Amino acid sequence: MYILGIESSCDETAVAVVRDGREVLSSVIASSAAEQNLYGGVVPEIASRRHIENISATARLALEQANLPLDAIDAVAVTFAPGLIGAVLVGVNFAKGLAFGAGKPLVPVHHLRGHVAALYLAHPDLKPPFLCMVASGGHSHIVRVEDYTHFQVLGRTVDDAAGEAFDKVSRTLRLGYPGGPAVSKAALSGNPKAYKLPVPHVEGRYNVSFSGLKTAVLNVVNQAKMKDEEISVPDLAASFEWRITEILADKLLLAAKDTGADTICLAGGVGANHLLRSQLEEGAKKMGARLCMPELKYCGDNAAMIAAQAYYEYLAGNIAGPRLNGLATLPIDYSPAELD
Ligand code: KG4
Ligand code: ZN
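Because the structure is a prediction, the values reported are computed rather than measured. (Residues numbered from 1 in each chain as written. Chains lettered and ligands numbered in written order. Predicted model: local features only at pLDDT ≥ 70, side-chain atom pairs only at ≥ 80, totals over all residues. Heavy atoms only, no water.)

Engineer: Is there a simple way to explain the coordination of the zinc ion (ligand 2) in this structure?
Structural biologist: Tetrahedral coordination by four donors places them ideally at 109.5 degrees to one another around the metal; octahedral coordination by six donors ideally gives 90 or 180 degrees. Every protein donor of the zinc ion (ligand 2) is listed here as His111 (NE2), His115 (NE2) and Asp301 (OD), and their distances to the metal cover 2.0 Å. If you list the donors of the zinc ion (ligand 2) from N- to C-terminus, the spacing comes out as H-x3-H-x185-D. Separated by 190 residues along the polypeptide, His111 in helix α4 (residues 111-122) and Asp301 in the loop between β10 (290-292) and α10 (304-315) bring together distant segments of the chain. By relative accessible area, Asp301 is classed as buried at 16%. (Donors = N, O, S within 2.8 Å, 3.2 Å for Na, K, Ca; no water. Helix = DSSP H or I, 4+ residues; strand = E, 2+ residues; numbered from the N terminus. Buried < 20%, exposed > 50% of the residue type's maximum accessible area, 1.4 Å probe, protein only.)

Structural data, given as structure tokens:
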């Protein structure tokens, strides 16, 4: 089954064609991140406008690169939640037009479920159940993936998401947007033990909190300014990166130990972080658990992951009618029946 997936929930306009949820035939991304960098973060209005400009050409290119006519596509899938609402609606409306114009089923996909499905593209034999941390710009969850369309949230951030913390620290250190790769790059030449940053206290065994950590970085910068002292940006970036990835890895490994999980997974934009990946590799090895992570190119927002998840949503009968609406928020463990 060939599914054309569409993603437009943040600053990437993406379209992909995936066969049977596992094999990527094409994956095209037009990003407005460079333009958003001028403003220090995503300006929703700009994201929506770029989606409108780019979406038709991106879809045409995805079909061309898959070497398939629209007729050969069996279903059209789209991220319908959660995300920047104006941005989400561009993809939802485009997908509706395409699906109903071509007489194809329309499959609504939850963005975070899509991030989890990026794992199926790299690991053809991976099947639920497994434990997964989804760390992105808007969410940080530890979920048990019961089956392809059933999720149990074990823990989450109580304030900022991990990616958001990277983005805010990057802004504090004037390193640019998106913050994750910028902080990582600056950290390469830094000493991760130079600044002692706190492990924020949080209620809930598998919850995380990053607001205090972000503020601690800001305090270091402000106090240095007041005393007219220099800070070392590489050292502070490295200390922050070390601390946040240690918290993320420790929480996921703790949940894995408690639940006796034999397969541990990482997904989402922050999943591209090399330090986090190596900390988890080490931890999983010690536990004797299998660790699965998406390819770097499928960690951040893309449409291949949406088309992959759509295959399983389609098999589960989750198909939308013409009244499908976009939603800014929706938990990953939603039930499709709630939406009618
Ligand atoms: O999953 P994603 O592409 O979009 C959302 O669904 O939010 O995640 C984007 C987030 C941004 O906050 C970005 O700074 C972060 O992922 N990110 C990283 C890295 N690459 C992207 N964070 C840490 N290390 C990275 N290498
Ligand atoms: Zn995302």
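Engineer: Explanation requested: the sheet that holds strand β8 (residues 150-156) in the structure shown.
Structural biologist: Strands pair in a sheet through their backbones, by hydrogen bonds, and they do so in one of two ways: parallel or antiparallel. Ordered in space as β8-β7-β6-β9-β10, the five strands form an open sheet in which the pairing is mixed. The open sheet terminates on both sides in strands that have one partner only, identified here as β8 and β10. Strand-to-strand twist of the sheet, defined as the mean angle between neighbouring strand axes without regard to direction, takes the value 25°. Examined bridge by bridge, strand β6 (residues 130-135) and strand β9 (residues 263-267) share four bridges and lie parallel to one another. Among the inter-strand pairings, Met133 is bridged to a residue of β9, identified as Leu266. Lying on the sheet, α4 is in contact with β6, β7 (140-147), β8, β9 and β10; it crosses β6 at an angle near 120°. Contacts from helix α9 (residues 274-287) reach β9 and β10, with the element oriented near 175° to β9. (Pairing = 2+ DSSP bridges. Axes fitted to C-alpha atoms, helices over the stretch in contact; angles between N-to-C directions. Contact = heavy atoms within 4.5 Å.)

Engineer: I would appreciate a short explanation of the sheet that holds strand β4 (residues 75-81) in the present structure.
Structural biologist: Read from one edge of the open sheet, five strands run β3-β2-β1-β4-β5, paired in mixed fashion. Both edges of this open sheet fall to β3 (23-31) and β5 (106-110), since each of them pairs with a single strand only. Strand after strand, the sheet turns through a mean of 20° between neighbouring axes, direction not considered. With five bridges joining them, β4 and β5 adopt parallel strand pairing. The residue of β5 that forms the bridge with Val76 is Leu106. Together, β1 (2-7), β2 (12-19) and β3 form the strand contacts of helix α2 (residues 44-66), whose direction differs from that of β2 by roughly 25°. Contacting β1, β2, β3, β4 and β5, α10 crosses the sheet at an angle of about 115° to β5.

Engineer: Help me understand the nonpolar core in this model?
Structural biologist: The nonpolar side chains of a soluble globular protein tend to be buried with one another. Phe210, Phe240, Ile244, Leu248, Ile264 and Leu280 are the most contacted members of the largest nonpolar core, which totals 42 residues. Secondary structure elements with two or more residues in this core: β6, α5 (162-172), α6 (179-187), α7 (211-226), α8 (233-259), β9 and α9. The leading source of residues in this core is α8, at twelve residues. The contact partners of Phe240, leaving out residues within four places of it in the chain, are Ala165, Phe166, Val169, Val183, Leu197, Leu213 and Val217. In this structure, Ala117, Phe130, Cys265 and Ala308 belong to the second largest nonpolar core, which totals 37 residues. (Core = buried A, V, L, I, M, F, W, Y, C linked by side-chain atoms within 4.5 Å.)

Engineer: What's the story with the pairing of β1 in this structure? I'm lost.
Structural biologist: On a regular strand, each side chain points to the face opposite its neighbour's, so the side chains alternate between the two faces of the sheet. Counting buried positions along β1 gives five out of six residues, so the element sits mostly inside the fold. Of the pairings in the sheet, the one linking β1 to β2 comprises six bridges and is antiparallel in character. The residue bridging Leu4 from the neighbouring strand is Val17, located in β2. Adjacent in sequence and paired antiparallel, β1 and β2 are bridged by four residues. Examined bridge by bridge, β1 and β4 share four bridges and lie parallel to one another. Each bridged residue has a counterpart across the sheet, and for Gly5 the counterpart in β4 is Ala77.

Engineer: What am I meant to see in α9 here?
Structural biologist: Two residues of an α-helix separated by three or four positions point the same way, owing to the 3.6 residues in each turn. If you check α9, its first and last C-alpha atoms are 20 Å apart, about what 14 residues at 1.5 Å a residue would give, namely 20 Å. What α9 keeps buried is the set Leu276, Arg277, Gln279, Leu280, Gly283 and Ala284. All buried residues of α9 lie within an arc of 165° about the axis, which places them on one face of the element. Facing away from the buried side of α9 by over 90 degrees, the exposed positions are His274, Glu282, Lys285 and Lys286. Those residues of α9 that are buried are in contact with α8, β9 and β10. With a side-chain oxygen lying 3.0 Å from the backbone nitrogen of Leu275, the N-terminal cap of α9 falls on Asn273. Of the residues flanking the end of α9, it is Gly288, one or two places downstream, whose phi is positive at about 75°. (Expected span 1.5 Å × (residues − 1). Arc of directions from axis to C-beta. Polar contact = N/O pair within 3.5 Å; in protein donor to acceptor, adjacent residues only side chain to side chain.)

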